[in-house]
Amino acid sequence: MKLRLVKPAQGLVWVRQGLLLGKRQPLNFVGLLGLVASVALLLMGLSVIGPLLLLAAMPMVWMGFMLASRHALAGEKIPPSVLIEAVRTQPEMRKAFARLGGAYVAATLVVMQLAHVLGPGADVLAEAFDTAQDAGEILANPLVQQDLLWRMALTLPVSLLFWHTPALILWARQPLAKALFFSWIACWRNLGAFVVYGAAWAVLILLVGLIDSVIAMVLPVPAVVNVLAVATGLWVAAAFYASLYFTVVDCFDAPGTPPDGSSPGQDVSRDTPSSGQA
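Numbering of residues starts from 1 in every chain and runs along the sequence as written. Owing to the predicted nature of the model, reporting of local features is limited to residues with pLDDT of at least 70; listing and counting of side-chain atom pairs is limited to 80 or more, with chain, interface and lining totals taken over all residues. Only hydrogens and water are set aside when side-chain values are computed; all heavy atoms of the structure are taken into account.

### Side note on the overall build of the chain
Spelled out, the test is: Secondary structure counts use DSSP, requiring at least four H or I residues in a row for a helix and at least two E residues in a row for a strand, with both numbered from the N terminus. Buried, partly exposed and exposed residues are distinguished by accessible area as a fraction of the type maximum, computed with a 1.4 Å probe on protein chains only: under 20%, between the cut-offs, and over 50%, respectively. Every residue pair with non-hydrogen atoms within 4.5 Å of one another is taken to be in contact. Here the accessible surface of atoms and residues is derived via Shrake-Rupley with a 1.4 Å probe, and residues count as covered only by protein chains that are part of the display.
The number of helices and strands found in the chain is 13 helices and two strands. By residue count, 40% of the 278 residues in the chain fall in the buried class. Long-range pairs, those at least 24 residues apart, make up 73% of the contacts in the chain with a sequence separation of at least 6. On the chain, roughly 14,500 Å² of surface is accessible, and the fraction owed to carbon and sulfur atoms is 70%.

### Some details on the packing of aromatic side chains
This is how the line gets drawn: Think of it this way: a Phe, Tyr or Trp ring, Trp meaning its six-membered ring, pairs with another when their centres are within 6.5 Å, and the plane angle makes it stacked under 30 degrees, edge-to-face over 60, tilted otherwise.
Scanning all chains against the criterion turns up 16 aromatic pairs. Measuring from ring centre to ring centre gives 6.3 Å for Tyr197 and Trp201, while their planes differ by 85 degrees; the resulting arrangement is edge-to-face. Highlighted residues: Tyr197 and Trp201, both in helix H11 (residues 191–218), separated by four residues, approximately one helical turn. An identical accessibility class is assigned to Tyr197 and Trp201; each is buried. Geometrically, the ring pair formed by Trp201 and Phe240 is edge-to-face, given 5.6 Å between the ring centres and 90 degrees between the ring planes. Of the two residues, Trp201 sits in helix H11 while Phe240 sits in helix H12 (residues 222–249), which places them 39 residues apart along the sequence.

### Looking at the environment of Pro142
Assignment of secondary structure puts Pro142 in helix H8 (residues 142–162). In sequence terms Pro142 and Pro120 are 22 residues apart; their C-alpha atoms lie 9.8 Å from each other.

### Digging into helix H1 (residues 10–24)
Inclusion rule: Expected span of a helix, by definition, is 1.5 Å for each gap between consecutive residues, and there is one gap fewer than residues.
With 15 residues, H1 extends 21 Å between its outermost C-alpha atoms, agreeing within 8% with the 21 Å of an ideal straight helix rising 1.5 Å per residue. Within H1, the full set of buried residues consists of Gly11, Val13, Trp14, Val15, Gln17, Gly18, Leu21 and Gly22.

### Some details on the side chain of Gln174
Within the secondary structure layout, Gln174 lies in the loop between helix H9 (165–171) and helix H10 (176–189). Residue contacts for Gln174: discarding those within four places in its chain leaves Leu168, Ile169, Ala179 and Phe182.

### Some details on a nonpolar patch on the surface
Counted only if it meets this: Patch definition: residues with relative accessible area over 30% and no salt bridge; like charges joined within 9 Å; nonpolar side chains (Val, Leu, Ile, Met, Phe, Trp, Tyr) joined within 5 Å. In the sections that follow, a salt bridge refers to a side-chain nitrogen of Lys or Arg positioned within 4 Å of a carboxyl oxygen of Asp or Glu.
Together, Leu207, Leu210, Ile211, Val214, Met217, Val218, Leu219, Val221, Val224 and Leu228 make up a nonpolar patch on the protein surface, roughly 880 Å² of accessible area in all. Breaking the nonpolar patch down by element, the ones donating at least two residues are H11 and H12. Take the nonpolar patch: its biggest share by element is six residues, from H11. Along the polypeptide, Met217 turns up in helix H11.

### Side note on the nonpolar core
As a reminder of what qualifies: Definition of nonpolar core: a set of buried residues of the types Ala, Val, Leu, Ile, Met, Phe, Trp, Tyr and Cys, connected through side-chain atoms within 4.5 Å.
By size, the foremost hydrophobic cluster in this structure holds 67 residues, and its most contacted members are Phe29, Met63, Phe65, Met66, Phe97, Phe162 and Trp171. Looking at this core element by element, the count peaks at 11 residues for helix H3 (residues 49–73). With residues up to four places along the chain from it excluded, the contact list for Phe97 reads Pro59, Met60, Met63, Ala86, Val87, Pro166, Ile169 and Leu170.

### Let's talk about the confidence of the model for the chain
Condition: As a per-residue measure, pLDDT tells how confident the predictor is, with possible values from 0 to 100.
Averaged over the chain, the pLDDT score is 84; the fraction of residues at 70 or greater is 83%. The least confident element of the chain, judged by mean pLDDT, is helix H13 (residues 264–271) at 40; the most confident is H1 at 96. With pLDDT under 50 throughout, residues 255–278 is counted as low confidence; its partners more than four residues away or in other chains account for 47 contacts.

### Section: the pattern of salt bridges
This model, assessed by the stated rule, comprises two salt bridges. The residue Arg4 makes a salt bridge to Asp253 at a minimum N-O spacing of 3.6 Å. Here the residue Arg4 occupies a position in the loop between strand E1 (2–3) and H1, and Asp253 occupies one in strand E2 (residues 252–253), the gap between them amounting to 249 residues. Here Glu92 makes a salt bridge to Arg173, at a shortest N to O gap of 3.8 Å. With a gap of 81 residues between them, Glu92 in helix H5 (residues 91–118) and Arg173 in the loop between H9 and H10 connect regions that are remote in the sequence. For Arg173, a relative accessible area of 29% gives the class partly exposed.

Rendered as structure tokens:
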């Protein structure tokens, strides 16, 4: 797989592709996200080991959504088993994704520790949470905002490091270190597109929140408004995960067929609803 350079405007194309693909099978994409969220809630209840297992599983979840997008592009139904499709029949992939999950856990723990050292500190944050009257007061606290900014700033390079790594491991059969390196290079060389991509999703989320607020004012039925807000939020989140596939295949040329017997790059040019449109 060879690196490709894309224009910054391609970030908008990725967002549009994700939204359009999400419209093809909205219930399946949202259901897949709901399954991940349900398992995540169960793992979060398992003291220390649960959150660590959840972090370790995230690269496989990203890969699962990329494979789900490929199923949708081919006109196939998305099975729940797509989340483990990458490792289900390939023992070497189970080992590779286990190492990848471990690396992601380690990177996340480093980010958390650095945020603790560079930010206001756990004790200060705990006091801010204890004295706050509601969630709005917590978010308005400068110390909480400082902590969030530090975490976001430290998480960004980790995200770029791991963004393409699952696909490079599965489709290009690259070892972990090489996949991490080329993932970083691909994101850095196409940073303009990823900045536009992230900004577009942020604007879309704000727009959805604004629309929900307007509906809440016009329609004085809290139960209905809450259901609409949750459904819309889930679909937007599912569309974001569906778009991950396009951010990967557009950044790499696939000269040959991947070991799993299909060409990820060909799906975009042939089947994508918005292919070739910026």
